[in-house]
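The lines below spell out each chain.
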Amino acid sequence: MTSFIKNLSYSFKPQRFLKPLGFIVIILLHTQSAVAQLQKTEPPFWFSGMKNPELQIMFYGKNIAQYDVSVSNNVVISNVTKTENPNYVFVTINTQNVAPGELTFSFKSKNKTAFTKKYELKPRRKDSALREGFDSSDMIYLLMPDRFANGNPNNDSTPDTAEKADRSKPGSRHGGDIEGIIQHLDYLHELGATALWSTPLCEDNDERGSYHGYGQSDVYKIDSRYGTNDDYLRLSSELHKRGMKLILDYVTNHWGKHWTLQDMPTYDWLHQFPGYAQTNYRMTTQFDQNASAIDAKMCMDGWFVKSMPDLNQSNELMLNYLTQNAIWWIEYANLDGFRVDTYSYCDKAGIAKWTKAITDEYPYFNIVGEVWMHDQAQMAYWQKDSKIGAIQNYNSYLPSVMDFTLHDAFGNVFNEDKHEWDKGIIKVYENFTNDFLYPDINNILVFAENHDTQRFNQIYPDIRKYKMAMALVATVRGIPQLYTGSEIGMKGDKNQGDADIRRDFPGGWPGDANNAFTKAGRTAEQNAYFDYTAQLFNWRKNKAVIHTGKTTQYVPENNVYVYFRHNDKESVMVVVNNSNEKQTVKTNRFAENIRNATRGKDVISGQTFALENEFSLDAKSALILELE
């Protein structure tokens with residue numbers, strides 16, 4: 001600003017300059033005042049033609065509540081909410097039949113305009129409301145961007161963020177970014193992935209441990225160490241060019257050092273006791289009819305950890321802020337789904353309203369919630385239209401949950417070599433006996449590991465066991481999810497800390513000795529893992545019988561588990577030998593599913609097996625047979 005005035009003085013003679021200069025100074029001082037007065041506007045813009053026409057805009061600035069607010073274009077202001085903090089005003093407008101374009105909000109005192117704010121309503125994409133989310137035809141690839149690939153070393157550390165990159169420390173920032181993901185989308189496509197779930201990419205400005213992204217400080221801004229909002233749009237576009245989908249990891253339960261927490265709109269913007277109190281992590285108190293009130297409160301309202309303040313979803317202003325932010329990202333980034341972190345720690349009523357608002361706006365959009373429980377009935381409680389939830393007149397409206405009980409079985413079953421009543425592959429069979437509890441069994445997420453669990457290949461450093469697990473993940477009901485590096489045999493010990501299960505992907509950084517992104521760069525062992533995984537999930541892509549077919553399973557014998565996925569057109573027989581000996585499978589027992597088929601072709605080896613009498617399979621192996 002100073003240089004602008006200085007340059008003007010060289011352009012004019014003093015006697016001719018006085019009047020224009022005074023005018024310019026007044027204008028600049030007025031602009032300065034407006035900038036100082038209005039510091040934040042969120043959402044930063046919105047979209048015309050939404051099903052819910054109500055938009056609540058949060059304006060933040062010093063003593064901004066002293067002003068009366070009006071808006072141009074004959075737009076109706078339906079409500080103005082002011083709180084105990086004079087630095088906030090929440091203005092609700094009705095956007096019904098308001099065309100895309102620019103609105104002007106005027107802030108007045110005593111009928112004089114103190115300043116104005118331009119606000120844009122953007123046009124929506126064609127058929128935006130009808131977007132189809134991820135489903136059982138997909139394979140979701142989960143990655144942590146900081147640990148995947150460093151595509152732009154120039155943003156490893158940035159001036160506007162506290163923690164700087166230091167790859168020598170396991171728990172520090174390592175420099176992976178959006179550009180690194182974009183550069184390796186062809187790798188994911190080759191692997192057979194059809195959807196990408198990245199852990200949070202919004203700004204997390206904690207001083208340390210910020211690489212995981214779950215302590216967000218600005219939920220409308222991509223962390224500058226990952227790139228920009230435009231880079232995220234480019235990631236979305238590049239995925240869609242490949243026929244792939246983008247899933248955003250949304251956090252409704254907590255934030256980190258979010259800017260509103262430095263000057264909160266209301267005292268109950270957060271759960272306070274006052275200040276900090278930690279959750280008891282007992283999610284069962286959410287539905288336990290015998291639970292004490294204090295225990296239920298501490299589960300929902302307690303903070304997940306001390307550095308992550310717990311958001312109060314029962315505060316209508318907070319709930320609306322979270323709802324609009326989620327919808328904004330769907331529209332802005334053209335998203336295909338959410339994975340919601342710590343879903344069952346939120347206020348039950350509030351999170352159900354949040355979920356319903358999103359799915360009302362996008363009826364085919366998918367949302368999977370992290371409900372980390374160890375009982376099928378307790379997990380099924382949280383899925384939309386659950387009859388178990390209905391016992392308590394509760395509906396979460398959450399389309400999908402994660403199959404943590406199957407993950408639990410995977411944790412030890414492949415080391416249980418002998419057939420026993422409650423050990424061995426019977427654990428996997430028993431998991432599926434409870435499928436009747438889920439209202440939508442095809443819409444649950446199945447996985448062997450994720451970024452919070454012990455690494456599968458650490459538990460089982462044996463590719464045969466990996467192949468058995470992947471054969472199951474790829475062919476059972478639900479939506480398969482693969483965690484980055486699993487496909488090349490990556491290990492990591494959670495007992496050494498979370499950073500060890502979140503190691504850098506080899507080849508993602510210049511100078512890495514091993515580049516696992518290419519066949520030539522992978523070791524022979526890595527290629528063995530990759531080739532099996534890619535062949536399996538690429539086969540799965542076009543198999544409707546796996547995506548939506550029925551399941552018939554047979555009680556395991558001799559630690560051998562047999563099940564069929566079938567529809568009116570085809571049938572697939574899956575045989576898993578979890579014993580440490582070669583086994584012979586007599587086929588007459590499976591006549592109701594084999595029917596007139598005489599042979600089955602293994603989708604991996606191409607080998608054909610006769611089905612008239614019996615066939616054998618090796619110890620610790622699986623067959624996926626297309627019946628002919």
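Up top is the structure these notes are about.
Here's a quick rundown of the structure. (Residues numbered from 1 in each chain as written. Predicted model: local features only at pLDDT ≥ 70, side-chain atom pairs only at ≥ 80, totals over all residues. Heavy atoms only, no water.)

## Observations regarding the sheet that holds strand 8 (residues 112-122)
Rule in force here: Pairing between two strands is assigned when DSSP locates at least 2 bridges connecting them. Secondary structure elements follow DSSP: runs of H or I no shorter than four residues count as helices, runs of E no shorter than two count as strands, and numbering proceeds from the N terminus.
An order of 2-8-7-4 is seen for the four strands of this open sheet, with the pairing classed as mixed. Each end of this open sheet is capped by a strand with a single partner; those strands are strand 2 (46-47) and strand 4 (68-71). With two bridges connecting them, strand 2 and strand 8 associate as parallel partners. Among the inter-strand pairings, W46 is bridged to a residue of strand 8, identified as L121.

## So, the packing of aromatic side chains
This is how the line gets drawn: Aromatic pairing here means that ring centres of Phe, Tyr or Trp (its six-membered ring) are within 6.5 Å. Orientation follows from the plane angle: under 30 degrees is stacked, over 60 is edge-to-face, and everything else is tilted. Buried means the residue's accessible area, taken with a 1.4 Å probe over protein chains only, is under 20% of the maximum for its type, while exposed means over 50%, and partly exposed covers the values in between.
Under the defined criterion, the tally for this structure stands at 56 aromatic pairs. Plain terms: the ring middles of Y187 and F517 are 5.1 Å apart, the flat faces sit at 90 degrees to each other, and that makes the pair edge-to-face. A residue pair is termed long-range when its members are at least 10 positions apart, and Y187 in helix 4 (residues 185-191) and F517 in the loop between strand 18 (479-483) and helix 15 (524-540) qualify at 330 residues. An angle of 70 degrees between the planes, with centres 5.8 Å apart, marks the rings of W329 and Y332 as edge-to-face. Note that W329 and Y332 are positioned in helix 7 (residues 316-333) at a spacing of three residues, about one turn of the helix. Assessed through its relative accessible area of 14%, Y332 is described here as buried.

## Description of the sheet that holds strand 14 (residues 337-341)
Rules: Axes here mean lines fitted to C-alpha atoms, for a helix over just the part in contact, with angles spanning 0 to 180 degrees between N-to-C directions.
What the eight strands build is a closed barrel, ordered 9-10-13-14-15-16-17-18; its pairing is parallel. Averaged over all adjacent pairs, the angle separating strand axes in this sheet is 30 degrees, with direction ignored. The pairing of strand 17 (residues 444-447) with strand 18 spans three bridges and is classified as parallel. Bridge assignment links L445 to a residue of strand 18, and that residue is I479.

## Overview of the nonpolar core
Worth spelling out the cut-off: Residues grouped as a nonpolar core are buried Ala, Val, Leu, Ile, Met, Phe, Trp, Tyr and Cys residues, joined through side-chain atoms within 4.5 Å.
Ranked by size, the top nonpolar core spans 162 residues in total, and within it Y141, Y232 and F338 carry the most contacts. M573, V575, F590 and F615 belong to the second-largest nonpolar core, a separate cluster that totals 17 residues.

## As for the pattern of salt bridges
The line we're drawing: What counts as a salt bridge is simple: a side-chain nitrogen of Lys or Arg found within 4 Å of a carboxyl oxygen of Asp or Glu.
A full pass over the atoms with the stated rule returns 41 salt bridges. The salt bridge partner of D166 is K169, with a shortest N-O separation of 3.8 Å. Under the relative-accessibility criterion, D166 is labelled partly exposed at 26%. K169 gets classed as partly exposed once you look at its relative accessible area, which sits at 47%.

## Some thoughts on the environment of I247
To keep it simple, the criterion reads: Contact between two residues is taken to exist if any of their heavy atoms lie within 4.5 Å; hydrogens are not considered.
Relative to the helices and strands, I247 is located in strand 13 (residues 245-251). I247 gets classed as buried once you look at its relative accessible area, which sits at 2%. Separated by 266 residues in the primary sequence, I247 and A513 have C-alpha atoms spaced 31 Å apart. Those residues in contact with I247, other than ones at most four positions away along the chain, are F134, I140, A195, L196, W197, S198, G337, F338 and R339.

## Focus: the side chain of T405
We count it as follows: N or O atoms closer than or at 3.5 Å make up a polar contact, with two conditions inside protein: a donor-capable atom paired with an acceptor-capable one, and, for residues adjacent in sequence, both atoms drawn from side chains.
Structurally, T405 is set in helix 11 (residues 404-410). Only 3.5 Å separates the side chain of T405 from the side chain of Q376, close enough to count as a polar contact. Here N431 takes part through its side chain, which lies 2.5 Å from a polar atom of the side chain of T405. Beyond its immediate stretch of four places on either side in the chain, T405 contacts M373, H374, D375, Q376, M379 and N431.

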